Amino acid sequence: MGTTLETTSAGKTLYMQHCVSCHGVDGKGDGPAAVRLSTKPADLTKIAARRDGMWPALEVMEILSGYSRNTLPREDMPVIVDILDHEMSEFDPGNSEPFLMPTKLIEIANYLEALQDPASGSNLP
């Protein structure tokens, strides 16, 4: 997917507004609200590591948008309606066939990709 400083910065702002209370400043699932949840928030820095270094951009966007409600744990994970506004941008999932997605959804996914430790090696289409 590739990130730019501009989209990473916009994504960080969205993350701080919507995710930090549960997932923590560093994305490790240790935010102040995490202790009150029935399911521990995921460590967002290990998404790619859990997939052998692959960055699952579309899967991440499906979870954030609420499109994929079959990924557990989901009970405490809210759908972030704010990121689904009408501003759209082209998104290339890695197969050189871009399509339109909500801009804010792309930005927050770019930010989460930048948090990966170790860094992701490639994207999953």
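Chains are numbered independently. Their residues run from 1 in the order of the written sequence. Under the rules for a predicted model, residues below a pLDDT of 70 receive no local features and side-chain atom pairs below 80 are neither given nor counted, while totals for whole chains, interfaces and linings still include all residues. Heavy atoms throughout the structure, all of them, feed into the side-chain values; hydrogens and water do not.

Asks: What should I look at first to understand the overall build of the protein chain in this one?
Replies: If you tally the helices and strands in the protein chain, you get four helices and four strands. Only DSSP runs of H or I with at least four residues qualify as helices, and only runs of E with at least two residues qualify as strands; both kinds are numbered from the N terminus onward. For the protein chain, the succession of helices and strands along the chain, N to C, is α-α-β-α-β-β-α-β. For the protein chain, buried positions account for 41% of its 125 residues. Contact between two residues is taken to exist if any of their heavy atoms lie within 4.5 Å; hydrogens are not considered. Nonlocal contacts in the protein chain, meaning residues at least 24 apart in sequence, comprise 48% of its contacts between residues at least 6 apart. Of the roughly 7000 Å² that the protein chain leaves accessible, carbon and sulfur atoms contribute 55%. Each residue is placed in one exposure class: buried if its accessible area under a 1.4 Å probe, protein chains only, is under 20% of its type's maximum, exposed if it is over 50%, and partly exposed if it falls in between. Accessibility throughout is a Shrake-Rupley quantity obtained with a 1.4 Å probe, and a residue counts as covered only by protein chains that appear here.

Asks: Please explain helix α3 (residues 57–65) as it appears in this structure.
Replies: Structural remark: α-helix, 3.6 residues per turn; residues separated by three or four positions point the same way. Residues of α3 that are buried: Ala57, Val60, Met61, Ile63, Leu64 and Ser65. Just downstream of α3, glycine 66 is the residue with a positive phi angle, here 90°.

Asks: Hey, could you run me through the confidence of the model for the protein chain in this one?
Replies: Do not read the fine detail of predicted coordinates wherever pLDDT is low. Scored from 0 to 100, pLDDT records how confident the predictor is in each individual residue. Here the protein chain averages 86 in pLDDT, and 87% of its residues register 70 or above. Per-residue pLDDT, averaged within each element of the protein chain, yields its smallest value for strand β4 (residues 122–123) (73) and its largest for helix α2 (residues 20–23) (96).

Asks: I would appreciate a short explanation of the state of the cysteines in the present structure.
Replies: Criterion for a disulfide: a pair of cysteine sulfur atoms at a distance within 2.5 Å. This model, assessed by the stated rule, comprises zero disulfides. Cysteine 22 supplies the cysteine sulfur nearest to cysteine 19, a cysteine that is in no disulfide, at a spacing of 8.6 Å. What makes cysteine 19 buried here is its relative accessible area of 8%.

Asks: What is the right way to look at the packing of α3 against helix α4 (residues 103–114) in this model?
Replies: Pairs of packed helices are described in terms of their axes, by the angle between the two and the distance that separates them. As a rule, the C-alpha atoms of each element are fitted with a line to give its axis, helices using only the stretch in contact, and angles between N-to-C directions run from 0 to 180 degrees. In contact at an axis separation of 10 Å, α3 and α4 are set at 120° when each is read in the N-to-C sense. If you check the angle between α3 and α4, you find them oblique. Where α3 crosses over α4, the handedness of that crossing is right-handed. Together, Val60, Met61, Leu64 and Ser65 of α3 and Leu105, Ile106, Ile108, Ala109 and Leu112 of α4 make up the contact between the two elements. Here the residues of the contact of α3 with α4 are counted per class, giving eight nonpolar, one polar and no charged. For this classification, under 35 degrees means roughly parallel, over 145 means roughly antiparallel, 65 to 115 means roughly perpendicular, and everything else is oblique. We call a crossing left-handed when the near helix sits turned anticlockwise from the far one by less than a right angle, and right-handed when that turn is clockwise. Under the scheme applied, nonpolar residues are Ala, Val, Leu, Ile, Met, Phe, Trp, Tyr, Cys and Pro; charged residues are Asp, Glu, Lys and Arg; polar residues are all the others, including Gly.

Asks: Even after reading the chapter, I still don't get the environment of proline 78, so can you show me in this structure?
Replies: Looking at the secondary structure, you find proline 78 in the loop between α3 and β2 (88–91). Spatially, the C-alpha atoms of proline 78 and glycine 66 are 7.8 Å apart, while their sequence positions differ by 12 residues.

Asks: Looking at this structure, how should I read the nonpolar core?
Replies: A general feature of soluble globular proteins is that nonpolar side chains tend to end up buried together. Ranked by size, the top nonpolar core spans 23 residues in total, and within it Tyr15, Trp55, Val60, Met61, Leu64, Ile83 and Leu112 carry the most contacts. Those elements that place two or more of their residues in this core are α1 (5–18), α3 and α4. Nonpolar core, defined: a set of buried Ala, Val, Leu, Ile, Met, Phe, Trp, Tyr and Cys residues in which side-chain atoms within 4.5 Å join the residues together.

Asks: Is there a simple way to think about α4 in this case?
Replies: Expected span, for any helix, means 1.5 Å times one less than how many residues it has. Across its 12 residues, α4 extends 17 Å between first and last C-alpha, which sits within 8% of the 16 Å expected from 1.5 Å per residue. By the criterion of burial, α4 is predominantly enclosed, with 10 of the 12 residues buried. If you check which residues of α4 are buried, you get Thr103, Leu105, Ile106, Glu107, Ile108, Ala109, Asn110, Tyr111, Leu112 and Glu113.

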